[in-house]
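Analysis of the macromolecular model
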Amino acid sequence: MTTDYDKIAREYQESKLQPWRTHIEQYTLLSLASQVQGLQTLDLACGEGYYTRLLRRLGAEPITGVDLSMGMIELALSQEKSEPLGIQYCVGDARAMDFGATSDLVFAAYLLNYASNYQELLSMCEAIARNLKPGGRFVTVNNNPNDPPSNFETGRIYGYSKRLQGSLQEGAPIIWSFHLPEGTVEVTNYYLSMVTLERALQAAGLTNVIWHKPKVSPEGLRQWGESHWDAFLSNSPVTFFECTKR
Ligand SMILES: C[S@@+](CC[C@H](N)C(=O)[O-])C[C@H]1O[C@@H](n2cnc3c(N)ncnc32)[C@H](O)[C@@H]1O
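Report follows, based on the coordinates. (Residues numbered from 1 in each chain as written. Predicted model: local features only at pLDDT ≥ 70, side-chain atom pairs only at ≥ 80, totals over all residues. Heavy atoms only, no water.)

What follows concerns the packing of helix α2 (residues 19-33) against helix α3 (residues 50-57). It is the contact of α2 with α3, at a shortest axis distance of 12 Å, that shows an interaxial angle of 50 degrees. Relative to α3, the element α2 lies oblique. Note on packing geometry: the crossing formed by α2 with α3 is right-handed. Every residue of α3 that contacts α2 at Arg21, Glu25, Gln26, Leu29, Leu30 and Ala33 is listed here: Tyr50, Tyr51, Leu54 and Leu55. Of the residues in the contact of α2 with α3, the class split is 7 nonpolar, 1 polar and 2 charged. (Axes fitted to C-alpha atoms, helices over the stretch in contact; angles between N-to-C directions. Helix = DSSP H or I, 4+ residues; strand = E, 2+ residues; numbered from the N terminus. Parallel < 35°, antiparallel > 145°, perpendicular 65-115°, else oblique. Left-handed = near helix turned anticlockwise from the far one by under 90°. Contact = heavy atoms within 4.5 Å. Nonpolar A, V, L, I, M, F, W, Y, C, P; charged D, E, K, R; others polar.)

With respect to the helices and strands, the residue Gly171 is situated in the loop between β6 (160-164) and β7 (173-180). Between the C-alpha atoms of Gly171 and His212, which are 41 residues apart in sequence, the distance is 23 Å. Sequence-distant contacts of Gly171, defined by excluding residues within four places in its chain, comprise Ser116, Tyr190, Tyr191 and Leu192.

Sheet architecture is open: 3 strands sit in the order β6-β7-β8, paired in antiparallel fashion. Each edge of the sheet is formed by a strand with only one pairing partner; in this case those strands are β6 and β8 (183-190). On average, each strand axis in the sheet is tilted by 20 degrees relative to the strand beside it, whichever way the strands run. Inspection of the sheet shows β6 paired to β7 by 5 bridges, in the antiparallel sense. Among the inter-strand pairings, Leu164 is bridged to a residue of β7, identified as Ile174. (Pairing = 2+ DSSP bridges.)

Taking 1.5 Å per residue as the helical rise, helix α5 (residues 118-131) with its 14 residues ought to reach 20 Å, and the 20 Å between its terminal C-alpha atoms agrees with that figure. Across the 14 residues of α5, 10 count as buried, placing the element largely inside the fold. Among all positions of α5, only Tyr118, Glu120, Leu121, Leu122, Met124, Cys125, Ala127, Ile128, Ala129 and Asn131 are buried. Where the residues of α5 are buried, they touch β1 (41-44), β4 (103-109), β5 (132-143), α6 (194-203), β9 (206-212) and β10 (238-245). N-cap assignment for α5: the residue whose side-chain oxygen lies 3.1 Å from the backbone N of Gln119 is Asn117. (Expected span 1.5 Å × (residues − 1). Buried < 20%, exposed > 50% of the residue type's maximum accessible area, 1.4 Å probe, protein only. Polar contact = N/O pair within 3.5 Å; in protein donor to acceptor, adjacent residues only side chain to side chain.)

As enumerated under the stated definition, the model contains 13 salt bridges in all. When the shortest N-O distance is used, the salt bridge between Arg95 and Asp93 registers 2.7 Å. One salt-bridge network, in which partners are shared between bridges, spans Lys16, Arg21 and Glu25. (Salt bridge = Lys/Arg side-chain N within 4 Å of Asp/Glu carboxyl O.)

Here α5 crosses α6 at 45 degrees, and the two axes come no closer than 8 Å. The orientation of α5 relative to α6 falls into the category oblique. For the crossing formed where α5 meets α6, the hand is right-handed. Where α5 approaches α6, its residues Tyr118, Leu121, Leu122 and Cys125 are matched on the opposing element by Thr196, Leu197, Arg199, Ala200, Leu201 and Ala203. Across the contact of α5 with α6, the residue classes break down as 8 nonpolar, 1 polar and 1 charged.

Now for the packing of aromatic side chains. Under the counting rule described, the total for this entry stands at 17 aromatic pairs. Judged by centre distance (5.3 Å) and plane angle (85 degrees), the ring pair of Tyr5 and Tyr12 falls under edge-to-face. Residue Tyr12 is classed as buried on the basis of its relative accessible area, which comes to 11%. Centroid distance Tyr12 to Phe178: 6.0 Å. Interplanar angle 85 degrees. Geometry classified as edge-to-face. Remark: Phe178 occurs in strand β7 and Tyr12 occurs in helix α1 (residues 9-15); sequence separation between them is 166 residues. Of the two residues, Tyr12 and Phe178, both sit in the buried class. Ring pairing ties together the aromatic residues Tyr5, Tyr12, Trp20, Tyr114, Tyr158, Tyr160, Trp176, Phe178, Trp224, Trp229 and Phe232, which thus form one cluster. Looking at Lys16, its charged tip hangs above the ring of Tyr50, at a distance of 4.9 Å from the centre. If you follow Arg199 out to its NZ or CZ, it ends over the ring of Tyr118, 4.0 Å from the centre. (Phe/Tyr/Trp six-rings, centres within 6.5 Å; stacked < 30°, edge-to-face > 60°. Lys NZ or Arg CZ within 6 Å of the ring centre and 35° of its normal.)

The following block contains the structure:
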């Protein structure tokens, strides 16, 4: 169902250094997460802990990161060892996680786009709901299903491109390439429409879905200039949303 991140853990970590990651992805996600001080937080598909550490540094506590890839969790643990922040990490499938309804915030950067059909998506959404307290929030970023394939090469100026395998239908693989100084690393996501996403969220008891447009950080505007980000913002490759457990 998913890219084997064990094989590309370090390269994927490198891709997080691309300027759009910091100035758009991170800036928008952390704005959405907002005040996290003292919030019990679960970071699903945490990878090497990029956002787990950022949320912890912003005061989220206690915080647990979960990822399917042992290679990614090893990278997270080695950073926790060199700079202890008190984060718990575990290897596991997000869909099977059950810490009880104890989290104020469930965060997941690029989990849902690993579902290749409605059932997989629903079980991810059910796991999110299962771990949230009533009224708790879910914050996420994923591949943007409304980004048209005609736009898939536009990202090259920012260091990535996408390609579609087959035709644009539910479950179609979308391959992201990150063009890094050492070479290109690829990860495969799956296309599921916004309608399918909203249906699964609702069925899992996640309501008040608010879609957010990407925002550029003031630093990103200053450093790169406003027009640099125009192509990204006019057809964003990723989409952000938040919702609440009923
Ligand atoms: C694109 S990476 C994002 C990592 C991290 N959230 C970040 O933004 O840096 C996607 C991650 O999702 C993980 N993943 C995919 N399917 C998963 C699942 N069902 N349960 C837990 N992790 C999963 C992969 O192992 C990978 O580390």
